[in-house]
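Report on the structure
Single-letter residue listing:
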Amino acid sequence: MRQRLAAARLTDIAEKLEAGERLTLEDGVRLFDAPDLYAVGWLANREREKRHGSRTFYNHNIRLEATNVCVASCLFCSFARLKEGDPGSYTMSLEQAWDKLRQRQHEPLTEVHIVNSLHPDLPFSYYTDLLAGLKRIRPDVHLKAFTAVEIAFYADLYGRTDEDVLRALMAAGLDSLPGGGAEIFAERVRRKICHDKCDGDRWLAIHRTAHRLGMRSNVTMLYGHIETPEERVDHMLRARALQDETGGFQAFIPLAFHPDNNQMRKLPAPTAADTLRVHAVARLVLDNIPHIKAFWIATGIDVAQVSLWFGVDDLDGTVQEEKIYHMAGARTPEAMTTAQIRALVDAAGRQPCERDTLYNLIPA
Ligand code: SF4
């Protein structure tokens, strides 16, 4: 492998990693530019195995997307509808939302993952009641809910601080934050693709506050649209800097841009090679975030399976009824059973480990 790394001009980066030195912005960009994808993947796999050996994590969860009515107009979004009553718009009643969990009440679920659009007319009590009702149905289930973009929107809409919103949601049952809404932190990209939602600094500040209040969270990156390699690495470095401060991120989750039914439909979807490389570079740059997750709904199942040799150690979960990616043309199933995930991991020569949201292992 040494010769191959030398031919790819990656020897100095390999040596830095061996010495436990941090990679720089320039190193990260070189990893994106290096033609030898396998060499980059080999380095990422070495880092993955240092941390987790062969273990590959997944969880038994469901998705809940309670409304898609949204005042924002992100160019990559196929999920949102501007107003109630627009074709394809929906807002669940609280009973309908609670029913999603009631229907699976007897399954060994450990997590409900809730993400919504930015609805201008719902009262704040909709969200606190939503959480409290879910906790009444299954007090043991972890509620990972509301992106930082939603938290910022609620704070502005209801005239509260970001911290107040987080505290009120925690009192109602919120256990942790998902990593969505991060997109790309760079201002140039954000101005173009999602100008009317919270900026990168506020996204990071909300996660900083959430970590201070005792919650854990994740961080995503939407890739494969107009961002440059520099902007990808810059995004990773901003997440790494916050992680140095708080230690509150559990996983980094690259999210592939899907071009169907949105305003960026002229762009191609990212290739499998790009997807593998993004996950690999993330493993190498993000030396302080424990897990790199392939969200199989977005990458495709086959690529997610191969990514387990390119730095990835987590496959998200069973998901159930995902809408955001499927409205953007994802051809993956909307759910996998835990048996299917285990078989997928086994077939890749890795060791499947069921976890809860906080990475406690669930006995098989
Ligand atoms: S990505 Fe989120 S905030 Fe942006 S338009 Fe879609 S639902 Fe709204």
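1. Here's the deal with the overall build of the protein chain
Of regular secondary structure, the protein chain possesses 15 helices and 10 strands. The C-alpha radius of gyration computed for the protein chain amounts to 20 Å, which stays within 12% of the reference 21 Å derived for 364 residues, consistent with globular compactness. Summarising its shape, the C-alpha atoms of the protein chain cover approximately 60 × 45 × 40 Å along the three principal directions. For the protein chain, buried positions account for 61% of its 364 residues. A total accessible area of about 14,100 Å² is found for the protein chain, and carbon and sulfur atoms account for 53% of it. If the 45 positive side-chain charges of the protein chain are averaged to one point and the 50 negative ones to another, these points end up 2 Å apart.

2. Side note on the packing of aromatic side chains
Considering all chains together, one arrives at 12 aromatic pairs under this definition. When the centroid spacing of 5.8 Å and the interplanar angle of 85 degrees are considered together, the rings of Tyr-127 and Phe-146 count as edge-to-face. With a gap of 19 residues between them, Tyr-127 in helix 6 (residues 124-137) and Phe-146 in the loop between strand 4 (142-145) and helix 7 (148-158) connect regions that are remote in the sequence. These aromatic residues form a ring-pair network of at least three members: Phe-124, Tyr-126, Tyr-127, Phe-146, Phe-153, Tyr-154 and Tyr-158. In this structure, Arg-350 packs its charged tip against the face of Trp-309, placed 3.6 Å from the ring centre. Lying over the aromatic face of Tyr-359, Arg-355 brings its terminal NZ or CZ to 4.3 Å of the ring centre.

3. Details of the sheet that holds strand 1 (residues 55-59)
Pairing is parallel across the open sheet formed by three strands, whose spatial order is 9-1-10. Sheet topology places strand 9 (314-317) and strand 10 (351-354) at the edges, where each strand pairs with a single neighbour. With direction set aside, neighbouring strand axes in the sheet form an average angle of 25 degrees. Two elements, strand 1 and strand 9, share two bridges in a ladder whose sense is parallel. In the sheet register, Phe-57 faces strand 9, and the bridge partner there is Asp-314. Across the sheet, helix 15 (residues 338-347) lies against strand 1, strand 9 and strand 10, angled at about 150 degrees from strand 10, the strand it touches most.

4. Examining the side chain of Ser-89
Here Ser-89 shows up in the loop between strand 2 (61-64) and helix 5 (94-102). With relative accessibility at 19%, the residue Ser-89 sits in the buried group. A polar contact is formed between the side chain of Ser-89 and the backbone oxygen of Asp-86, at a distance of 2.8 Å.

5. Side note on the pattern of salt bridges
Scanning the entire structure with this criterion turns up 32 salt bridges. Here Lys-144 ties to Glu-111 by a salt bridge, and the two come within 3.4 Å at their closest N and O atoms. Separated by 33 residues along the polypeptide, Lys-144 in strand 4 and Glu-111 in strand 3 (residues 111-114) bring together distant segments of the chain. Across this residue pair, the class does not change: Lys-144 and Glu-111 are buried.

6. With respect to the environment of Gly-173
Structurally, the position occupied by Gly-173 is in the loop between helix 8 (162-172) and strand 5 (176-177). Taking relative accessible area as the criterion, Gly-173 reaches 12% and is therefore assigned buried. When the C-alpha atoms of Gly-173 and Asp-199 are compared, they prove to be 26 Å apart, with 26 residues separating the residues in sequence. Once residues within four sequence positions are removed from consideration, Gly-173 is found in contact with Leu-131, Lys-135 and Leu-143.

7. Quick look at helix 15
Within the sequence span of helix 15, burial applies to Ile-341, Leu-344 and Val-345. Down the axis, helix 15 shows its buried residues gathered within 95 degrees of arc, on one side only. Facing away from the buried side of helix 15, by more than 90 degrees, are the exposed residues Ala-339 and Ala-347. Buried positions along helix 15 lie against strand 1, helix 14 (301-307), strand 9 and strand 10. Positive phi shows up at Gly-349, right after helix 15, with a value of about 80 degrees.

8. So, unusual backbone geometry
One non-glycine residue with positive phi stands out, namely Arg-9, at about 60 degrees. Mapping Arg-9 onto the fold places it in the loop between helix 1 (2-7) and helix 2 (11-18). Positive phi, normally seen in glycine, also occurs at Asp-316, with a value near 60 degrees. The residue Asp-316 is located in strand 9 in this model. Residue class for Asp-316 comes out buried when judged on its relative accessible area of 4%.

Calculation notes
Residues numbered from 1 in each chain as written. Predicted model: local features only at pLDDT ≥ 70, side-chain atom pairs only at ≥ 80, totals over all residues. Heavy atoms only, no water. Helix = DSSP H or I, 4+ residues; strand = E, 2+ residues; numbered from the N terminus. Rg over C-alpha atoms; globule rule 2.2 N^0.38 Å. Buried < 20%, exposed > 50% of the residue type's maximum accessible area, 1.4 Å probe, protein only. Areas by Shrake-Rupley, 256 points an atom, 1.4 Å probe, with all protein chains shown as cover. Lys, Arg positive; Asp, Glu negative; His and termini not counted. Charge placed at Lys NZ, Arg CZ, Asp CG, Glu CD. Phe/Tyr/Trp six-rings, centres within 6.5 Å; stacked < 30°, edge-to-face > 60°. Lys NZ or Arg CZ within 6 Å of the ring centre and 35° of its normal. Pairing = 2+ DSSP bridges. Axes fitted to C-alpha atoms, helices over the stretch in contact; angles between N-to-C directions. Contact = heavy atoms within 4.5 Å. Polar contact = N/O pair within 3.5 Å; in protein donor to acceptor, adjacent residues only side chain to side chain. Salt bridge = Lys/Arg side-chain N within 4 Å of Asp/Glu carboxyl O. Arc of directions from axis to C-beta.

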